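Listed below, chain by chain, are the residues.
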Amino acid sequence: DTRHGPVYSMKIDLADAFMRVALSANTLAALGALLPRYGREDQLVALPLVLPMGWVDSPPFFCALSETVADLANAGLAAHPHLAAQPHCFDDIADTQPKRPMPATLPVLPLDSNWDPPKTRSRGPLSPPLAYADVYVDDLIGVAQGTRAQLRHVRQQFLHAIDAVFRPLAPTDRPNRKEPTSIKKLKKGDARWSLVKTILGWEFCAVDRTIRLPQHRIERLHTVLANIGPTQPRTSRRKWQCLLGELRSMAMALPGGRGLFTQLQAALVHSPVARPTDRLPLSSSVHDALADFCWLAATLQSRPSRWGELVPSQPSFLGSVDAAATGMGGVWFPSPDGPIHPPVLWRHQFPESIRQAVVSTSNPAGHLTNSDLELAGYVVHQDVLAATADVRERTTYTLSDNTPTVSWATRGSVSTDSPRAYLLRQAALHQRQHRYVAQVSHIPGAANTMANVLSRRWDLSDTDLLTFFQTNFPQALPWTMSHPRPSTISTTILSLSKQALPPGSLPPARPAGPLHLTAGARFVTNTPCRTTWPPPTRPPSHGSSSLLTGSEMGASPTTTSPSDLARWKNTSVWWRRRTPSWVLPTHASMGMAKWTTALPSCRKAGLASTHHPTE
């Protein structure tokens, strides 16, 4: 809830992470290693006593413990949100000021003076201040709101949770044993609450709610791209794989980046047998893709990624789309708790050149498939909504009856230099331009009634089509018709012809007014799956049975309303981190209610090393 102020973040590292998990005696031999034998020396066998680095099962074993730390911290924060935790001996060290403190905010230089980042403001009932713990392997990450005392209380819960799982240092320990909490990182200021924090290689700024690459990674990106010359004809497979790995790691939180990998991946499949010594040919399309990444790298400072365009929330708009050889069309519905917006329908006929290029029995030499047309309809479908509604930092949900389109749109890229590669590029750049989160799911063709009418009923004029929809698919608000923008249609036709416009040539988005968000978290809680629209029962799956007709598909129900479309949404959603009570009880979970107060007294008495699961 933004009314509690900005979100502060901090990070705590675990020292000697894997070496804090001891192995049981009966499993040591499974990880034994024979040491080299010289001359007549006896054969030596090395048996690890703790989790070894390099064993593929070490991270899952260790993460079971680090995840427990986050669970205990969240449970303590949820049980006593307003009570001060017991002091911790590392409180003062954790408040160390970094030697190079991050600025309170990072400079924002919008590409367009009329395209400022939207100002979010929570509405509705006031929710409690944020206090949350998460973990990535051995990096504990905390986010919180409130006063200095409240932030100190949240960090104390973190430190006590670490001591509850990993045994703290005792006076009888050997000199080389360290505290489970990394003192070295505490002295560097990692655990100090800040509005701008570098976490897992990214700079998070809570003032303008953005995520950026640090300066050294931006320089690395420019170096990697500069290593491939603009006219270089070939490169080694190993060098190209390193380039792809670097770009993939940086494009995770860069809108538009995941749609620019098709030609780069296609360069890897030129030979049936992959060898590290291969020399890969770099075509003109590959160099065009590298030029797109150069443009993306040049706009990193002036175009940060906002949190709202990276993380999906409850969809604000739900629609369906369909395409055929004659044309394409679709419908859009707003959510009941979202912005007031009438239902929208649209359609557009393909030109004769596109129809003649579609593969069919009478035209086997065509270069376009029906799936390419379906993907083109999906791309135009998103632009119709962006042209009629404010989609900044909102989630849109599209239903398509073409499974390849659903797969391609979900992945964001393919591995062939085909029209779908250019369409996915256009979709990614459009999403970057309008700053929304797009989700897609499958709907059977027989159930995609409204979109099927729009892509096939060309005997009806626009006026007749509106009358047809008002009569057969009546809604609370009257239907409105929207025509795709000519610039979007021309760009889509070029993409179907394997031609690409420069990435900055898309029509600019110029929304006005602040963006209002509802109060509270934008994720679902640990409750049964809920949908934005009324959740009617999804039609049962038609599985096999002993009857002859058991394996036949039954007739899918037609869709005439948003609730009918909502049946075909993907019901899997992101859940919050669960508390330890959802698993079998352990020593830590059974003592969860009293460990926050009992641990400091036990530590003073020298009993902190008793009954710990790891040592």
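Structure: see above.
The model shown is predicted, which means the values in this text are computed figures rather than measured ones.

Participant: Is there a simple way to explain the overall build of the protein in this structure?
Facilitator: When its secondary structure is counted, the protein shows 18 helices and 19 strands. A burial count over the protein gives 47% of its 615 residues as buried. For the protein, restricting intrachain contacts to residue pairs at least 6 apart in sequence, the fraction spanning at least 24 positions comes to 78%. Of the roughly 30,500 Å² that the protein leaves accessible, carbon and sulfur atoms contribute 59%.

Participant: Would you take a moment to explain the sheet that holds strand E13 (residues 317–323) for this structure?
Facilitator: Hydrogen bonding along the main chain pairs the strands of a sheet, whether they run parallel or antiparallel. Here we have 6 strands laid out as an open sheet, ordered E17-E16-E13-E14-E15-E18, and mixed in their pairing. Each of the sheet's edge strands pairs with one partner strand only, and the pair in question is strand E17 (437–442) and strand E18 (480–481). Direction of pairing for strand E14 (residues 327–334) relative to strand E15 (residues 344–349): antiparallel, over a ladder of 6 bridges. Across the sheet, residue Met-328 finds its bridge partner in E15, namely His-348. Against the sheet, helix H13 (residues 449–456) makes contact with E13, E14 and E15, and its axis sits at roughly 145 degrees relative to E14, the strand it touches most.

Participant: Looking at this structure, I do not really get helix H6 (residues 237–251). What am I missing?
Facilitator: An α-helical turn contains 3.6 residues, so any two residues separated by three or four positions project in the same direction. When the terminal C-alpha atoms of H6 are compared, their 21 Å separation across 15 residues agrees well with the 21 Å that a helix rising 1.5 Å per residue should span. The complete set of buried residues in H6 reads Arg-237, Trp-240, Leu-243, Leu-244, Leu-247, Met-250 and Ala-251. Down the axis of H6, the buried side of the element spans an arc of 160 degrees, and every buried residue falls inside it. Buried positions along H6 lie against strand E8 (202–205), helix H5 (215–226), strand E10 (234–236), helix H7 (262–266), strand E11 (279–281) and helix H8 (284–298).

Participant: Explain a positive patch on the surface to me, please; I cannot follow it from the model alone.
Facilitator: On the surface, a cluster of positive charge is contributed by Lys-99, Lys-178, Lys-184 and Lys-188. The residue Lys-99 is located in the loop between helix H2 (91–94) and strand E4 (120–123) in this model. On the basis of relative accessibility, which here comes to 84%, the residue Lys-99 falls in the exposed class.

Participant: Sorry if this is basic, but what is going on with a nonpolar patch on the surface here?
Facilitator: Taken together, the side chains of Leu-34, Val-45 and Leu-47 present a nonpolar region at the surface, about 300 Å² in accessible area. With respect to the element layout, Leu-34 can be found in strand E2 (residues 33–34).

Participant: Could you clarify how one ought to interpret the pairing of E14 in this entry?
Facilitator: The buried fraction of E14 amounts to 8 of the 8 residues, a majority that puts the element mostly inside the structure. With 7 bridges joining them, E13 and E14 adopt antiparallel strand pairing. Within E14, the residue paired with Val-321 across the bridge is Gly-330. Hairpin connection between E13 and E14: a loop of 3 residues separates the two successive antiparallel strands.

Participant: I'm lost on the pattern of salt bridges in this one. Help?
Facilitator: Side chains that carry opposite charge are capable of pairing whenever their charged atoms lie near each other. Within this structure, the stated rule accounts for 23 salt bridges. With a closest N to O distance of 2.2 Å, Glu-393 and Arg-306 form a salt bridge. Residue Glu-393 is located in the loop between helix H10 (370–388) and strand E16 (395–400), and its partner Arg-306 is located in strand E12 (residues 305–306); the two are separated by 87 residues in the primary sequence. Judged by relative accessible area, which is 4%, Arg-306 ranks as buried. When salt bridges with common partners are traced through the structure, they connect Asp-91, Asp-92, Asp-95, Arg-152 and Arg-155 into a single cluster.

Participant: How should I be thinking about unusual backbone geometry in this particular structure?
Facilitator: Excluding glycine, most residues fall at negative phi; most peptide bonds, likewise, are trans. Positioned with a positive phi, Asp-16 is a non-glycine residue whose angle comes to about 50 degrees. Here Asp-16 lies in the loop between strand E1 (8–13) and E2. Even without glycine at this site, Lys-498 takes up a positive phi of about 60 degrees. Within the element layout of this structure, Lys-498 appears in the loop between helix H15 (486–496) and strand E19 (515–518). With relative accessibility at 36%, the residue Lys-498 sits in the partly exposed group.

Reading guide: rules and limits
- Residues numbered from 1 in each chain as written.
- Predicted model: local features only at pLDDT ≥ 70, side-chain atom pairs only at ≥ 80, totals over all residues.
- Heavy atoms only, no water.
- Helix = DSSP H or I, 4+ residues; strand = E, 2+ residues; numbered from the N terminus.
- Buried < 20%, exposed > 50% of the residue type's maximum accessible area, 1.4 Å probe, protein only.
- Contact = heavy atoms within 4.5 Å.
- Areas by Shrake-Rupley, 256 points an atom, 1.4 Å probe, with all protein chains shown as cover.
- Pairing = 2+ DSSP bridges.
- Axes fitted to C-alpha atoms, helices over the stretch in contact; angles between N-to-C directions.
- Expected span 1.5 Å × (residues − 1).
- Arc of directions from axis to C-beta.
- Patch = residues over 30% accessible without salt bridge, like charges linked within 9 Å, V, L, I, M, F, W, Y side chains within 5 Å.
- Salt bridge = Lys/Arg side-chain N within 4 Å of Asp/Glu carboxyl O.
- Lys, Arg positive; Asp, Glu negative; His and termini not counted.
- Charge placed at Lys NZ, Arg CZ, Asp CG, Glu CD.

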